[in-house]
Amino acid sequence: MLPALAIVGRSGATLPFAVLIGAIETGVAGSLSLAVAWSTLPWFLFIAIASSFLSSLVLIKDRRRIVASGEQRPRRNIRDRWPGAAAVTVLILTLIWCLLPLRAPSVGWDARAIWLLRSSWFAGGHNFLLASFRSPGSIIAHSSYPPLVSTSVAVTWQLTGDHTERVGVVVVAFLNAVATFATAWVIVEASRNLVGGQRRGKDRPLALIVGVVGAVLFTLATFKVFGPFSTNGYADPLWSVAAVGAIGYGLVLPTTKRNVGAAAILLAVSGLTKTEGTATAVVLVVLITLRYSSCASPSFLGGSAGSRWRWRAVAAGATGLVLLSVWPILARLEHATRDVNTSGQREGTWDSRTHVTVSAMAPYLHVLLVAAPLALVAGVVLRRHRERAGLGNDLWAWLGLLGGLSVIGASYITGPGNTAFWLYTSVHRTTMFAAIAAWLIVSIWAVVAIVPSEENAVARAPSRDTQLAGSRSL
Amino acid sequence: MVSSPDPPSGSNGRAPHRGPSWRIIVRTICAAVALVALVFASLQGIRTTTHGQSADQTRQWERDAAYWNCLTIQAHSLVKPGERVEINRGGLAASVTLEKVVGGWTSLVTKAQNASAILSLEGRHKQGSCRGTVVVEYAPGSSLHGPPERVGSGASDGSGGSLPSTPL
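Counting of residues starts from 1 at the beginning of each chain's written sequence and follows it residue by residue. Each chain gets a letter, beginning with A, and each ligand a number, beginning with 1, in the order they are written. Totals for whole chains, interfaces and linings use every residue, but because this is a predicted model, local features are given only for residues with pLDDT of at least 70 and side-chain atom pairs only at 80 or more, for both listing and counting. The basis for every side-chain value is the complete set of non-hydrogen atoms in the structure, without hydrogens or water.

Enquirer: What should I look at first to understand the overall build of chain A in this one?
Expert: Scanning chain A for helices and strands turns up 21 helices and 0 strands. The 474 residues of chain A split such that 61% are buried. When the accessible surface of chain A is totalled, it reaches about 18100 Å², and 68% of it is carbon and sulfur. Helix and strand definitions here come from DSSP, where helices need a minimum of 4 consecutive H or I residues and strands a minimum of 2 consecutive E residues; each element is numbered from the N-terminal end. Burial classes follow relative accessibility: with a 1.4 Å probe on protein chains only, a residue under 20% of its type's maximum area counts as buried, one over 50% as exposed, and anything between as partly exposed. Surface accessibility follows the Shrake-Rupley procedure with a 1.4 Å probe radius. Residue values consider only the protein chains on display as shielding.

Right, here's the structure in full:
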């Protein structure tokens, strides 16, 4: 919880972010177990304690800075808190309902063949893990896939002592729900920004209701995209919705330290969950870096401060790219067995593979037929409303969507093997990211169109969370 | 996330700029299109979720869980955790099934790596099978043509009814 408080602060989504940080810590622990020694659990406990300690230092330093600056912390009474609490409750109830298919003990094909099988490796200690990773006798386990889903299950098994596939599937479904909550919360935050973050005022209740309704509809639409994979142990829903959440916090919501922190957490989840998530996260890191480095205009922060901030943003982006590349490099160094999908003789020509790929993806992206014209018209008519709230230009979100989709499409086109078979077995899952991103774009425009925005909304919302962009929307 | 502390009380004295009426019309249309699309997708999501929790689905997945549990118990009766096991690559389906059953707790090795046991699946429509399949063990280096050295035991699943289709 402490790392979540230090990075994203107190909000309705703090708890989901705490869970996601825990999942990231299991992924790091699993990587250390593979690279160094021990099982995943001791590493996880060590990392959790160390990160909590470091976070408490950050929180104390932050508190001292506030006291020293004489900044008044706004007092919040129950009347101020209950709307936010009600929003959280409604969203939690929606997600509980979405998880009801867990009543059926379904374990998906990939869940049994890859994710839960590898969980047993991570729970089995360094030697067994290393031997299994290198085993040429294993043909379906996809050793080189990132570890987060498997390590989350492994740590849960080790903590509870209940080493069953049922527990594994429940853990993965829970992570899907938590990441969906964090992403849906972007819509609530966007609606709050439209009314200038005001805690009281005539538009505040409307903004909150619209935000919550938008978040609930987005959640249900997201679970429609997930289909049966939301509760059968697959990793695709998690990386997809986490990457979309990174678009929301990093490219849609105002440029603040907390928002970029939230985006970083979601990028780490996406990057540590599946190879497609890693590739998409790389694209999003570049875009978020571009947005943040361009928002710190010298005229706003002063020449040297603006320049300094730009370099800090670029350095943070470069660090993110290096961290995302750690697992692929580690898997190669440890001689993980190669994936059957990404090895073998290449079949077909560029043209034929492109045609097959586009044809296979199209049926899963019908939402773009609504999202694109809507974004075009709303982008012209509602641009100023969006700018006043400090929300990012919609083009950033589209660049994120198209960038992620292009990376996945390019993998099918340029990759090895038989594209048609590869697409047949995966395209309905690899397009989840683009579909959910389009639903986020639609939801944000719905909120922007309904909630009456205040003039200079950002300027009216003084915040301890450093506003980087000034009044300029990027 | 942007925290939202108390704003200065009252408005800034100016009414919010609402723009010309055509803007309001377009804005309303945008809101309506977005909401209709979201509601339509949400209803489909509700249908998917309702289907996923039906009694029929639950029964099918319970049968699926019982089948895999049966195979796992039979495999455990033949090899110990951590043992070096070779899977008979006679058929892709059987190989994949066996890897799912034992891949998490044995060391899977190839023919050249001196396995301590070779596991295979055989059809056997008798009592003691898992829906007509049993896990069997052959001695390392054997030809796999004769009878197996041992047959898995400890569990059987003779229940009827179809298993669920597992989307890839």
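That covers the picture; the talk isn't over yet.
Enquirer: Can you walk me through the overall build of chain B in this structure?
Expert: Per the secondary structure count, chain B includes 3 helices and 5 strands. When its helices and strands are written in sequence order, chain B yields α-α-β-α-β-β-β-β. Burial analysis of chain B (168 residues in total) assigns 42% to the buried set. Should any heavy atoms of two residues lie within 4.5 Å, those residues are counted as being in contact. When contacts within chain B are restricted to residue pairs at least 6 apart in sequence, long-range pairs at least 24 apart make up 62% of them. Carbon together with sulfur atoms contributes 58% to the accessible area of chain B, which is approximately 8700 Å² in total.

Enquirer: I tried to follow the confidence of the model for chain A on my own but got confused; where do I start?
Expert: Interpretation of the predicted coordinates at a detailed level should be avoided for regions scoring low in pLDDT. Residues and elements named next belong to chain A. What pLDDT reports is the predictor's confidence in each residue, on a scale of 0 through 100. The share of residues in chain A with pLDDT of 70 or more is 90%, and the mean pLDDT across the chain is 89. The least confident element of chain A is helix H13 (residues 298-301), whose mean pLDDT is 46; the most confident is helix H10 (residues 236-252), at 97. Across residues 456-464, confidence stays below pLDDT 50; counting only partners more than four residues off in sequence or on other chains, it has 28 contacts.

Enquirer: Explanation requested: the nonpolar core in the structure shown.
Expert: Ranked by size, the top nonpolar core spans 141 residues in total, and within it Phe 17, Leu 20, Trp 185, Tyr 249 and Trp 439 of chain A carry the most contacts. In terms of residue count, the dominant contributor to this core is helix H8 (residues 165-194) of chain A (18 residues). In this description, a nonpolar core means a group of buried Ala, Val, Leu, Ile, Met, Phe, Trp, Tyr and Cys residues linked to one another through side-chain atoms lying within 4.5 Å. Within the second largest apolar cluster, 20 residues are counted, among which are Tyr 67, Val 102, Ala 117 and Cys 130 of chain B.

Enquirer: Looking at this structure, how should I read the state of the cysteines?
Expert: Cysteine pairs can be linked by a disulfide, which is a covalent bond between their two sulfur atoms. All names here are of chain B. Any two cysteine sulfur atoms lying within 2.5 Å of each other are counted as a disulfide. Tallied over the entire structure, the rule returns 1 disulfide over all chains. The disulfide that involves Cys 70 links it to Cys 130, with 2.0 Å between the sulfurs. Every disulfide takes its handedness from the sign of the S-S torsion; for Cys 70 and Cys 130 that torsion is -75°, giving left-handed. Linking Cys 70 in helix H2 (residues 55-76) with Cys 130 in the loop between strand E3 (117-123) and strand E4 (133-138), this pair joins segments that are 60 residues apart in sequence. Neither residue differs from the other here; Cys 70 and Cys 130 are each classed as buried.

Enquirer: Got a minute to help me understand the sheet that holds strand E1 (residues 84-87) of chain B in this structure?
Expert: Residue and element names in this part refer to chain B. When DSSP finds two or more bridges between two strands, those strands count as paired. If you trace the 5 strands from one edge of the open sheet to the other, you get E2-E1-E3-E4-E5, paired in mixed fashion. Single-partner strands in this sheet number two, and they are strand E2 (107-108) and strand E5 (150-151). With 6 bridges connecting them, E3 and E4 associate as antiparallel partners. Looking across to E4, one finds that Leu 121 is bridged to Val 135. Each of E1, E2, E3 and E4 touches helix H3 (residues 92-102); the most contacted strand, E3, lies at about 120° to it. In this description, a line fitted to the C-alpha atoms serves as the axis of each element, helices being fitted only across the stretch in contact, and the angle between N-to-C directions of two axes falls anywhere from 0 to 180 degrees.

Enquirer: Help me out: how do you make sense of helix H3 (residues 40-69) of chain A in this one?
Expert: Residue and element names in this part refer to chain A. Helix length check: H3 (30 residues) gives 43 Å between terminal C-alpha atoms against 44 Å at 1.5 Å per residue, within 8%. Those residues of H3 not exposed but buried are Thr 40, Leu 41, Trp 43, Phe 44, Ile 47, Ala 48, Ser 51, Ser 55, Ser 56 and Ile 66. Against helix H1 (2-8), helix H2 (14-35), helix H5 (109-123) and helix H7 (148-160) lie the buried residues of H3. Backbone geometry just downstream of H3 places Gly 70 in the positive-phi region, at approximately 75°. How far a helix is expected to stretch is found by multiplying one less than its residue total by 1.5 Å.

Enquirer: How should the confidence of the model for chain B be read in this particular structure?
Expert: In this model, chain B carries a mean pLDDT of 83, and residues with pLDDT of at least 70 account for 88%. In the predicted assembly, ipTM is 0.88 and pTM is 0.90.

Enquirer: Would you mind showing me how to read the side chain of Thr 231 of chain A here?
Expert: Position of Thr 231 of chain A relative to the elements: it lies in the loop between helix H9 (204-226) and H10. Beyond its immediate chain neighbours, meaning those up to four positions away, Thr 231 of chain A contacts Cys 98, Leu 99, Pro 101, Leu 102, Ser 106, Val 169 and Ala 173 of chain A.

Enquirer: I'm lost on the pattern of salt bridges in this one. Help?
Expert: Side chains bearing opposite charge may pair, as long as their charged atoms lie close to each other. Residues and elements named next belong to chain A. Counted as salt bridges are all cases of a side-chain nitrogen of Lys or Arg within 4 Å of a carboxyl oxygen of Asp or Glu. Applying the stated criterion to the full structure yields 14 salt bridges over all chains. For Asp 110, the salt bridge identified is with Arg 429, shortest N-O distance 3.6 Å. Taken together, the positions of Asp 110 in helix H5 and Arg 429 in helix H20 (residues 419-430) put the pair 319 residues apart, joining distant regions of the chain. Neither Asp 110 nor Arg 429 differs from the other in exposure class; each is buried.

Enquirer: Help me out: how do you make sense of the packing of helix H17 (residues 367-381) of chain A against helix H21 (residues 432-450) of chain A in this one?
Expert: Any two packed helices are characterised by the angle at which their axes cross and by the distance between the axes. Residue and element names in this part refer to chain A. Interhelical geometry of H17 versus H21 gives an angle of 35° and a closest axis separation of 9 Å. H17 and H21 meet at a crossing whose hand is left-handed. When H17 is examined against H21, the residues Val 367, Leu 368, Ala 371, Leu 374, Ala 375, Ala 378 and Gly 379 are found in contact with a partner set consisting of Ala 435, Ala 438, Trp 439, Ile 441, Val 442 and Trp 445. Take the far helix as the reference: if the near one is turned anticlockwise from it by less than a right angle, the crossing is left-handed, and if turned clockwise, right-handed.

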